[in-house]
Every structure is written in C-alpha cells, then in structure tokens.
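One letter stands for each residue in the lines below.
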Amino acid sequence: MKKKFLGKLVALTLVAAMAFTGCGKQPEEAKTDDGAATETTETTEEKQEEPAAEETTSDGGTISFWNIATDEPDKTLYTWAVDKYNNEDSATSGFKIEQVPTVNDQYKEKLAVAMGAGECPDMYTNWTGGGLGEYVKSGYAKDLTELVDKYGLRDKYMEASLAQATIDGKIYAIPIKSNSIACFFYDKKMWKEKGYEVPKTIAELEALCEKMKKDGITPFALANQAQWTGSMYYMYLVARHGGPEIVTKAFDGTGSLVNDSTKFAGDKIREWAEKGYFPEGVNSLSPDNGDDRALLYQGAGMMLHGAWQVSSIKSENEEFYANLGAFPFPSLDGSSADQTAVVGTLGDTFISFNCEGEKLEEAFKMVTMYSSDEWMKMDIDSGNLPPLKAATSEEPAWQDILSFLNSASSVQLWWDQYLPPAVADVHKSETQKLFDQSAESEAVAQAQQDAMDKYLAENK
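Being a predicted model, the structure only gives us computed values, none of them experimental.

## Some details on the overall build of the protein
Point 1. Along the backbone of the protein there are 23 helices and 12 strands.
Point 2. Pairs at least 24 apart in sequence give 80% of the contacts found in the protein among residues at least 6 apart.
Point 3. Per element, the accessible surface of the protein, about 17800 Å² overall, is 47% carbon and sulfur.

Here's what the structure looks like:
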C-alpha cells in the first residue's frame, strides 16, 4: 500500500528539493528560518528565562539539541532517544545530549535569533523547504549523506522523505515522527447524530456549513493567531483551482502568484469569513494553546489541520479520539487541476546538525534511534505514522488518512516551508488578513508576489 504511494511521490519531491538549490540569501541575510519573523530582537525576559550562552554552545562533551517537544506525546517520543543515548552511549563516547524544548512558534523566532548571533545549536528540528536551503547556504546544516549510508538509513526511510531533505544530491536533515498532511478532522458520532455526510466537493462543503450554522454549530475550528494554520485553507483552495504548480512556478520564476487561482482562494476565504464559518476572533486564537482542538471538542463542525493532530487528540481526549474521523479537502467542480493532491510533508519535523567530526557522528547516532523498531512502535502507538518503510497503522483515524493519502497524485509541501523564509513570512501575514477581511484578495496575492520578485532579484 505504501509502495504504491511512494512511487507517485518521488518525482515531485525530488523536483521540490532541487528547487531549494541556490535559493539561500547572502550569509548576512540568511539568519531566518522557515516561518520565523525576520526580526531577531530578543527580549530581556527571554534572555533571563533561557540564557543563550548555556543553550547554544557545547561545553566539552555536551551536544545541544533544540526541538519543539513541549507537549505529549512529543515529550516522550523525543526524550526516549535522548535518555537512551545518555544512559547507554555517553560513558563510552564522552558526549552527552542536552535537550532544549521550546513551544513551536517561539521556537522559530528563537532559532532565528540564535543563528543571527552565530550561536546555532549542535542539533535542531526544522521543516526543510526554503528554510533548509537558507541553513545550508549559511553553513548551519552539515552534509549527512555519508552518515546516512554508513548507518543504513536509506533502507529504513521512505525515499521521498529523504528526498525532501536533499539539496544538490546531498542529504542535510533526517525526517522523524510522522507523515503530516493537512486534512479535515471531525467527530463521527456527532455527525451521525446530526445526519451530516462527508462532503466530496467544495459546493457540498459550503452546503454542510450552512446546515451546521442553522444547528448553532461553528463549521470550522480554526485558531489563526499563528497564521500558518489559516494558510492551509489558502493553499488547498489554490491547489484545487489551479494545481500545486501555481507555487512551484512562482518560485522558479516562470509563473506568478497573482492569478485567477489565488483570487479564487482569497475570495472564498473572505466569503466564508463573512458568512460566519470561522469562530469569532479567529486571528486571536492560538494553536499552541490548543484553542482549535478545544473548539472541536466543544462541538465545532470540523478542523482543517495537520495529521499530527491525531496523536495530540489521542493523548489529551481519549473519549473524543474514539470517534475521530478524517477526510480530504473537497474537490472543486469544473476545475482541470488534479483534485487528489494533498498539502503536507513526509516527516512531521526534520533534524539538522551544526557540528562536525566525532561530535556530529555521535549526535547522528542518537538520531538513528528514531528509526529503530522500538521507537517506531512507540510512535505508532502514540497516534503517529512515521515516514519509515516498515510503518503501518490500524488506528481508525490513520486508516481514514491512508485511504486518500495513498491515492494522492502528489504532496505539495506547505507554502510557508517550501517558500524562502522572507516570502513565507509575507505569505502568512497577508493570508491572515483574509480571515478578518482587512485586505482584498488581489492585494494579498500582489504582496506575496512582490516579496517573491524581491527575493528572486536578490538571489539570481
């Protein structure tokens, strides 16, 4: 089942990986990450809480490892390998892994601050795409190709997942945790009681939203303070109207983000916002606080989010999880674009390295534990499906996801990860304005294209 899907993904993912080549800014400008703000001002309070000197440098045999494992099940999943290395290998190697977890959106800014100060940690999680291209250009991501071959990781990971971390034929990051695509999650029990049916088309989705409103239900559970959550709607609507190639052509300079597809996406989001399909104050609700899941638990109709939500829901609400269902973003009637494409990534997060020699190999050895059979079982039991060839899942929610993931023609990498950081920032901030109707669709598209034009002009 997974082999069938793999064959469809390799070509597109390789093209995406090649697109990252040479897309880094000049070193003094490449101190951002995929999705972090370009400002690198660190507050006094942040410095007091997390002294940079203690976290960004390695004292003797210490290997610093930054990640976003602040909640369960991530805490357990990340820490297992760290503890295993420190307990079993540290005495022999002389190195010890020091883990520094930070909540997702704060992490992105924190990593940008560290890189801007020339204090990148020895190991750090990221999301590949344009950000990884910047890290490679700036010298903050080391070539792992020989280590990947030495430790046999090509035999363990899906080829397309490693291709996503490949630039100019060299591997610069290792995928971990889960295959993460965006889809709609819903309460099967509640839908059955209400007589709701899974929509196949966007027209059916809109009709369902009207039914939900009449029943006093907020159709979409969305927390868009972080901006990237709302951009999932934009990415999918663009893809359903014009195909994933809209963004790839804009990136390689053969196309533009000002077109009928981006206008359609912007207009549709503004229309849905005006009709009340999104929760009140949507742009002030935080996904880091779980505001979107809370809305879903409280009776919102559905939630468009990444597949990592399966494990989050399982860990915090077993009762709701028992009835959790998933379905793909509906198709658009009359569109010539392939309607099976999905938005996401093969690997929830990736780990890159900023160390050399023996330290690099010891850090890499710890990361190989994330591909072990023991860890894979833990990951699957937590509700994830890691990007490993041997991984499979009998969890009902993952069965729903695999039913359309395996028939997908391609996977479009998240725009805020595929695009260079400076362009991704504009993409997120501008599309957020659609949800409170503070900007017109054409202006949102033009702002994104202006950022792309500037980037391409500076990085010929």
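That covers the picture; the talk isn't over yet.
## With respect to the side chain of Gln-448
Point 1. Tracing the sequence through the fold places Gln-448 in helix α23 (residues 441-458).
Point 2. Here the side chain of Gln-448 touches Tyr-234 through a polar contact of 3.1 Å, side chain to side chain.
Point 3. Ignoring sequence-local partners within four residues, the contact set of Gln-448 consists of Tyr-234, Leu-257, Trp-415, Val-423, Val-426, His-427 and Thr-431.

## Observations regarding the environment of Leu-346
Point 1. For Leu-346, the location among the structural elements is in strand β10 (residues 342-346).
Point 2. Classification of Leu-346 as buried rests on a relative accessible area of 3%.
Point 3. Between the C-alpha atom of Leu-346 and that of Ser-178, which follows or precedes it by 168 residues, the distance is 7.0 Å.

## Considerations on the nonpolar core
Point 1. The biggest cluster of nonpolar side chains holds 118 residues, and the ones touching the most others in it are Tyr-233, Met-302, Tyr-370 and Ile-401.
Point 2. The residues contacting Tyr-233, other than those within four sequence positions of it, are Phe-184, Phe-220, Leu-222, Ile-269, Trp-272, Phe-278, Leu-304, Phe-329 and Phe-435.
Point 3. Judged by nonpolar contacts, the second largest core, of 19 residues, contains Tyr-107, Trp-127, Leu-132 and Ile-167.

## A word on the sheet that holds strand β11 (residues 349-353)
Whenever strands of a sheet pair, they do so through backbone hydrogen bonds, lying parallel or antiparallel.
Point 1. Reading across the sheet, the five strands line up as β2-β1-β3-β11-β6 and stay open at both edges, with mixed pairing between neighbours. Unpaired on one side and paired on the other, β2 (96-101) and β6 (174-176) mark the two borders of the sheet. Strand after strand, the sheet turns through a mean of 25° between neighbouring axes, direction not considered.
Point 2. Sitting on the sheet, helix α4 (residues 74-88) is in contact with β1 (62-67), β2, β3 (123-126), β6 and β11, with an inclination near 160° to β2.

## Examining the confidence of the model for the protein
Point 1. On average, residues of the protein carry a pLDDT of 87, and 87% of them reach 70 or more.
Point 2. Per-residue pLDDT stays below 50 along residues 1-60; that stretch engages in 135 contacts with residues further than four places along the chain or on separate chains.

## Notes on the side chain of Thr-349
Point 1. Looking at where Thr-349 falls in the secondary structure, it is placed in strand β11.
Point 2. Only 2.8 Å separates the side chain of Thr-349 from the side chain of Tyr-78, close enough to count as a polar contact.
Point 3. In contact with Thr-349, other than residues within four places in its own chain, are Ile-68, Tyr-78, Thr-125, Asn-126, Trp-127, Ile-174, Pro-175 and Ile-176.

Conventions and cut-offs
Counting from 1, residues in each chain are numbered in the order their sequence is written. Only residues with pLDDT of at least 70 get local features here, since the model is predicted, and only at 80 or more are side-chain atom pairs given and counted; chain-wide, interface and lining totals rely on the full set of residues. In computing side-chain properties, one takes all heavy atoms of the structure into account and sets aside hydrogens as well as water. For the purposes of this entry, the term helix denotes a DSSP run of H or I that reaches at least four residues, the term strand denotes a run of E that reaches at least two, and both are numbered from the N terminus. The criterion used for residue contact is that any of the two residues' heavy atoms lie within 4.5 Å. Only the protein chains shown count as cover for residues, and all accessible areas are computed by the Shrake-Rupley method using a 1.4 Å probe. For the purposes of these results, a polar contact is taken to be a pair of N or O atoms within 3.5 Å, where, inside protein, one atom must be able to donate a hydrogen and its partner to accept one; residues adjacent in sequence count only when each atom of the pair is a side-chain atom. Exposure is judged per residue with a 1.4 Å probe applied to protein chains only, and the accessible area is read against the type maximum: over 50% gives exposed, under 20% gives buried, and values in between give partly exposed. Throughout this description, the term nonpolar core refers to a set of buried Ala, Val, Leu, Ile, Met, Phe, Trp, Tyr and Cys residues connected via side-chain atoms within 4.5 Å. At least two DSSP bridges between two strands are required for those strands to pair. For every element, the axis is a line fit to its C-alpha atoms; helices are fit only across the contacting stretch, and the angle between N-to-C directions ranges from 0 to 180 degrees. Note: pLDDT gives the predictor's confidence per residue, expressed from 0 to 100.

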